[in-house]
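# Examination of the molecular architecture
This is what each chain is made of:
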Amino acid sequence: MRRHAAGVVVVTSSSGGVANGMTATAVASVTADPPTVLIVVSRSSQSYGLIRHGGAFALNFLAESQQEVASYFAGSEPKSFEAAPHRPGVRDCPLLEGCAAHLECLVEDRHEVGSHAIFIGRVVAASAGEAAPLAYFEAGFHGLKALQGRSG
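I will try to describe carefully the structure that is included in this document. (Residues numbered from 1 in each chain as written. Predicted model: local features only at pLDDT ≥ 70, side-chain atom pairs only at ≥ 80, totals over all residues. Heavy atoms only, no water.)

This part is about the sheet that holds strand β11 (residues 134-137). Pairing is antiparallel across the open sheet formed by three strands, whose spatial order is β1-β11-β12. Two strands in the sheet have a free side with no partner beyond their single neighbour: β1 (6-7) and β12 (140-143). Bridge count for β1 against β11 is two bridges, and the pairing is antiparallel. Following the sheet pairing, G7 is matched in β11 by A135. (Pairing = 2+ DSSP bridges. Helix = DSSP H or I, 4+ residues; strand = E, 2+ residues; numbered from the N terminus.)

As structure tokens, then:
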């Protein structure tokens, strides 16, 4: 999987006044009509419980300048949003400032697979900025321009 370049997303969630974010690359489009995406979340993470009980999540597609944000939200311990400028989304999931794009989703379905869960979400709000996206490849973060011309 090191050879699979993927966009870097911070999945945010909120339930009962508690919010969390986690860096993820296991994110995919499912259908365009209706607009639906999937995420894969460890069942031992705080995000799993918040998404399951809150019924919503937001995808914050990081800009290539947000490598520090990606590193901050990596790992399993809960994160404070005091260090990350944000605003609340339509379901109170934090939307991080400066991202390339945002998708806000309501959970439509959940599938338990081993240690993880696949959440399928219906997109209820979307926005995009002008920033180029951040990618993860070969165990590191890269702007898309940095990946051009690389061959394996």
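With respect to the helices, strands and loops of the structure, G143 is situated in strand β12. Taking the relative accessible area as the measure of exposure, G143 reaches 11% and is therefore buried. As a C-alpha pair, G143 and Q67 span 76 residues in sequence and 9.2 Å in three-dimensional space. (Buried < 20%, exposed > 50% of the residue type's maximum accessible area, 1.4 Å probe, protein only.)

Attention now goes to the nonpolar core. In terms of nonpolar packing, the biggest core is built from 16 residues, with V11, I39, F57, L59 and F119 touching the most fellow members. Counting only elements with at least two residues in this core, the list comes to β2 (9-15), β3 (18-24), β5 (35-42), α1 (46-54), β6 (56-61), β9 (101-113) and β10 (116-128). Sequence-distant contacts of L59, that is, excluding residues within four places in its chain, are made with V9, V10, V11, V27, V37, I39, A101, H102 and L103. Counting ten residues, the second-largest nonpolar core is a separate cluster that includes V8, V10, F73 and A84. (Core = buried A, V, L, I, M, F, W, Y, C linked by side-chain atoms within 4.5 Å. Contact = heavy atoms within 4.5 Å.)

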